[in-house]
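A look at the structure
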Amino acid sequence: MGQTLSRQSLSLQEQAETETPAGNPLPHIIHAQLSSEQLGKRRVICVGDVHGCVDELKTLLRKCQYRKERDLLVFNGDIVNKGPKSVQTIDLIQSMDAVVVRGNQDDKALAAYVQWKNGKALEEPMKWLEDLGDTRAEWLRQLPFSLSIPSLDFLVVHAGLIPGIPLKQQSLKTLTELRVLPESLSTHSTDEQVTDCAPDKPHDAGNMNVLPNKLHPSDAQPQVPWGSRWGGPQHVIFGHDAGRKLQTWPCATGLDTGCCYGNQLTALIIPHQEAALCREGASPSKHVPSLSDVDACLVLVPALKAYSKKK
């Protein structure tokens, strides 16, 4: 990943999952954590879904006045697919020692690469994988599913989380694919509430917290963005929801602004905090930091063109 991150112990939920949602082997570190010592006095620059739009990424980093020696770059996943330059995007991100959280498109690309190596033909959108190479593939294989920054009380995932369920008990499918929740779901739901309100039962009886991206048409329950129901314990930075573009909920910020669809690429800059918002190892504060609490700012640049059509 370019950064030396601490490993968190595997939970029962993680042990129950033997592969990623796309069928890849689990990475060595599923939930990464960045200590205050590792962060140092650097700014944190979180970037939304890049999808191979490397030219827009370069423009965004210039606008952020990014400098490798003073900034930590974090990507919330889906760095590849849909855009024009996935391999070049990987190379640029690797050169900056960035931390990348795995997105569903990264996971799918890796699975397609393995299948291609085993003799399956690549479909046109995935032809770029012919230039990926085993070294880059191994780098993708080791991307974690979350990044926790305890000193800031911030958490980065690709898609979403279900309120009331601890991070290590969230399914990997939820972390990479969730967009909406039933409106009836409270901000402090129990496992039983999640199970009861889920319109479709998951295929794995032991994995009861997976909710679909969209409710079944026959289900009359209104749906809401998951971030609108998130109340902590950490402020979550996420992507995966280009349809809603920039989302600024009190305890969650969505950075997928649909660059590959011709819209914008977005970054969130969190300046160095002189005092840690939450001491590592201490009980989490009841107050979830807002963007204003950390003097964060948003930076957006326009896409050069639309590279993909939204389904």
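Residues numbered from 1 in each chain as written. Predicted model: local features only at pLDDT ≥ 70, side-chain atom pairs only at ≥ 80, totals over all residues. Heavy atoms only, no water.

Details of unusual backbone geometry
With omega at 20°, the peptide bond leading from Gly232 into Pro233 counts as cis. Examined against the element boundaries, Pro233 turns out to sit in the loop between β9 (223–225) and β10 (235–238). In this structure, Gln65 is a non-glycine residue whose phi angle is positive, near 55°. Along the chain, Gln65 turns up in the loop between α3 (54–63) and β4 (71–75). (Helix = DSSP H or I, 4+ residues; strand = E, 2+ residues; numbered from the N terminus.)

Looking at the packing of α3 against helix α4 (residues 86–95)
Close contact between α3 and α4 brings their axes to 9 Å; oriented N to C, the two are set at 30°. Here α3 is positioned roughly parallel relative to α4, judged by the angle of their axes. Contact residues: Val54, Leu57 and Lys58 in α3; Gln88, Thr89, Leu92 and Ile93 in α4. (Axes fitted to C-alpha atoms, helices over the stretch in contact; angles between N-to-C directions. Parallel < 35°, antiparallel > 145°, perpendicular 65-115°, else oblique. Contact = heavy atoms within 4.5 Å.)

Side note on the side chain of Glu56
Inspection of the secondary structure assignment puts Glu56 in helix α3. Among buried charged residues, Glu56 stands out as having no salt bridge; its nearest opposite-charge side chain is Lys85, 7.6 Å away. Polar contacts involving the side chain of Glu56 include one to the main-chain amide nitrogen of Leu304, which spans 2.8 Å. The residues touching Glu56, leaving out its near neighbours within four places in the chain, are Cys259, Leu265, Val301, Pro302, Ala303, Leu304, Lys305 and Tyr307. (Buried < 20%, exposed > 50% of the residue type's maximum accessible area, 1.4 Å probe, protein only. Lys, Arg positive; Asp, Glu negative; His and termini not counted. Salt bridge = Lys/Arg side-chain N within 4 Å of Asp/Glu carboxyl O. Polar contact = N/O pair within 3.5 Å; in protein donor to acceptor, adjacent residues only side chain to side chain.)

As for the pairing of strand β13 (residues 264–270)
Buried residues dominate β13, accounting for six of its seven residues. Looking at chain direction, strand β3 (residues 43–47) and β13 are connected through four bridges and run antiparallel. Its bridge partner lying in β13, Cys46 is registered against Leu268. Sheet analysis places β13 next to strand β14 (residues 297–302), joined by six bridges and oriented antiparallel. Considered in β14, the bridge of Thr266 is made with Leu300. (Pairing = 2+ DSSP bridges.)

Looking at the packing of aromatic side chains
For the structure on display, the rule yields three aromatic pairs. Ring geometry for Trp226 against Trp230: centres 6.0 Å apart, planes inclined by 75°, an arrangement best described as edge-to-face. With relative accessibility at 7%, the residue Trp230 sits in the buried group. Taken together, Trp226, Trp230 and Phe238 form an aromatic cluster joined through their ring pairs. (Phe/Tyr/Trp six-rings, centres within 6.5 Å; stacked < 30°, edge-to-face > 60°.)

Focus on the confidence of the model for the protein
Considering every residue of the protein, the mean pLDDT works out to 86; 80% of them sit at 70 or more. Taken together, the stretch residues 189–208 has pLDDT below 50 and engages in 31 contacts with residues farther than four places along the chain or on a different chain. (pLDDT = per-residue confidence, 0-100.)

Some words on the pattern of salt bridges
Summed over all chains, the structure comprises twelve salt bridges. The residue Asp97 makes a salt bridge to Lys68 at a minimum N-O spacing of 3.6 Å. In this pair, Asp97 is assigned in the loop between α4 and β5 (99–100) and Lys68 in the loop between α3 and β4, connecting sequence segments 29 residues apart. Among the ionic pairs, Asp241 bridges to Arg244, the shortest N-O distance being 2.7 Å. Three or more residues are tied together by salt bridges with common partners; here these are Arg43, Arg70 and Asp71.

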